[in-house]
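Chain and residue survey
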Amino acid sequence: MSKDKKHEHDKHHEEHKHEHEHEHKHHDHDHKHDKHEHEHEHKHHDHEPKHHHDHDHKPPHVLLEEMTNKYRMILAEMENQRKRFEMEKHEHSKYSNFNLISDLMPSIELFETVLNSKNVSEEIKKWLKGYEMIFHQIWNVLEKEGIKKIQPHKGDEFDSRYHQAVDSVEAEDVKAGHIVNTIKPGYLLRDRLVQPAMVNVSKHKTN
């Protein structure tokens, strides 16, 4: 064998030996690492707290009573939620047409004003008679929906919840703070105000 070939052979042998030693060391390292992790997991498992459940030591009748009370509370809460839902649903249905009726009322008032017109010809009166029937039909529908007219009378006490004072006037036959006359009626949808009645209110007479 020539010197060059021998040199190459020795070199290749050394490299192979070095790789073998490196792989062996790497294998030993992985083995030690796995062993360390296994020991760590085993120690961690040994140190895990042992949970004791109180109900394991309670008599069956006590557990049964606790579960019964818990289910009663759940059922009671479910019933309360159902009642709240029904109440909200009912309230919504009561006033679902509020905006529509509120927008409709000016036209209703104009209709009523025309029907109450005075000093018109006989021909116009005949026309108004026909429209009056239509108006009553419309009003019957509104009443079924819960609309109510606020029409205070002379001498009624002024109530700011339902009345709006347009002016204060002196009236000898009406107490101060009471209604002298109604300029325009108001309207309620069930118990909710659509628009207040416009009124004049009596005031103390000045000397």
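Residues numbered from 1 in each chain as written. Predicted model: local features only at pLDDT ≥ 70, side-chain atom pairs only at ≥ 80, totals over all residues. Heavy atoms only, no water.

What about the pairing of strand E5 (residues 192-195)?
What counts is decided by this rule: When DSSP finds two or more bridges between a pair of strands, those strands are recorded as paired. Helix and strand definitions follow DSSP, with helices as H or I runs of at least four residues and strands as E runs of at least two, each counted in order from the N terminus.
In this sheet, E5 lies alongside strand E4 (residues 186-189) in antiparallel orientation, the contact comprising three bridges. What sits directly across from Leu 188, in E5, is Leu 193. Linkage of E4 to E5, two consecutive antiparallel strands, is achieved through a turn of two residues, within which Arg 190 is found at a positive phi near 60 degrees.

Describing the pattern of salt bridges
Side chains that carry opposite charge are capable of pairing whenever their charged atoms lie near each other. Operational definition: Criterion for a salt bridge: a side-chain nitrogen of Lys or Arg within 4 Å of a carboxyl oxygen of Asp or Glu. Note on classification: 1.4 Å probe, protein chains only; a residue is buried when its accessible area is under 20% of the maximum for its type, exposed when over 50%, partly exposed between these limits.
Here the structure, examined in full by the defined rule, presents seven salt bridges. The residue Glu 79 makes a salt bridge to Arg 82 at a minimum N-O spacing of 2.7 Å. A residue pair is termed a helical-turn pair when its members lie 3 or 4 positions apart in one helix, as Glu 79 and Arg 82 do in helix H2 (residues 60-94) at three residues. Using a relative accessible area of 31% as the deciding quantity, one classes Glu 79 as partly exposed. Taking the relative accessible area as the measure of exposure, Arg 82 reaches 43% and is therefore partly exposed. Across the pair Lys 184 and Glu 109 runs a salt bridge whose closest N-O atoms are separated by 3.8 Å.

Side note on the environment of Ser 102
Take Ser 102: it is sitting in helix H3 (residues 98-115). A relative accessible area of 26% means that Ser 102 is categorised as partly exposed. Spatially, the C-alpha atom of Ser 102 lies 9.6 Å from that of Leu 188, the residues being 86 residues apart in sequence.

A look at the nonpolar core
Spelled out, the test is: Throughout this description, the term nonpolar core refers to a set of buried Ala, Val, Leu, Ile, Met, Phe, Trp, Tyr and Cys residues connected via side-chain atoms within 4.5 Å. The contact criterion used is simple: two residues touch if any of their non-hydrogen atoms lie within 4.5 Å.
Counting residues in hydrophobic clusters, the biggest one holds 14 residues, and the most contacted among them are Met 105, Trp 139, Ile 147 and Val 194. With five residues, H3 is the single largest residue contributor to this core. With sequence-adjacent residues up to four places away left out, Ile 147 is seen in contact with Ile 101, Met 105, Trp 139, Leu 142, Tyr 187, Leu 188, Leu 189 and Val 194. Counting six residues, the second-largest nonpolar core is a separate cluster that includes Ile 150, Ala 197, Val 199 and Val 201.

Comments concerning the sheet that holds strand E2 (residues 163-170)
The criterion, for reference: To get an axis, fit a line to the C-alpha atoms, keeping to the stretch in contact for a helix; angles then go from 0 to 180 degrees between the N-to-C directions.
Across the sheet, which stays open at both edges, the three strands sit in the order E2-E6-E3 with mixed pairing between neighbours. One side of each edge strand has no neighbouring strand; the edge strands of this open sheet are E2 and strand E3 (179-184). The mean inter-strand angle of the sheet, taken between neighbouring strand axes irrespective of direction, is 30 degrees. As paired strands, E2 and strand E6 (residues 197-203) are joined by seven bridges and run parallel to one another. Each bridged residue has a counterpart across the sheet, and for Ser 168 the counterpart in E6 is Val 201.

As for a nonpolar patch on the surface
Put simply, the test is: Here, patches come from residues exposed beyond 30% relative accessible area and free of salt bridges, joined within 9 Å for like charges and within 5 Å for nonpolar side chains (Val, Leu, Ile, Met, Phe, Trp, Tyr). All accessible-area figures derive from a Shrake-Rupley calculation using a 1.4 Å probe, and residue coverage is judged against the displayed protein chains alone.
Taken together, the side chains of Met 67, Tyr 71, Ile 74, Leu 75 and Met 78 present a nonpolar region at the surface, about 530 Å² in accessible area. Within the secondary structure, Tyr 71 sits in helix H2. Classification of Tyr 71 as partly exposed rests on a relative accessible area of 49%.

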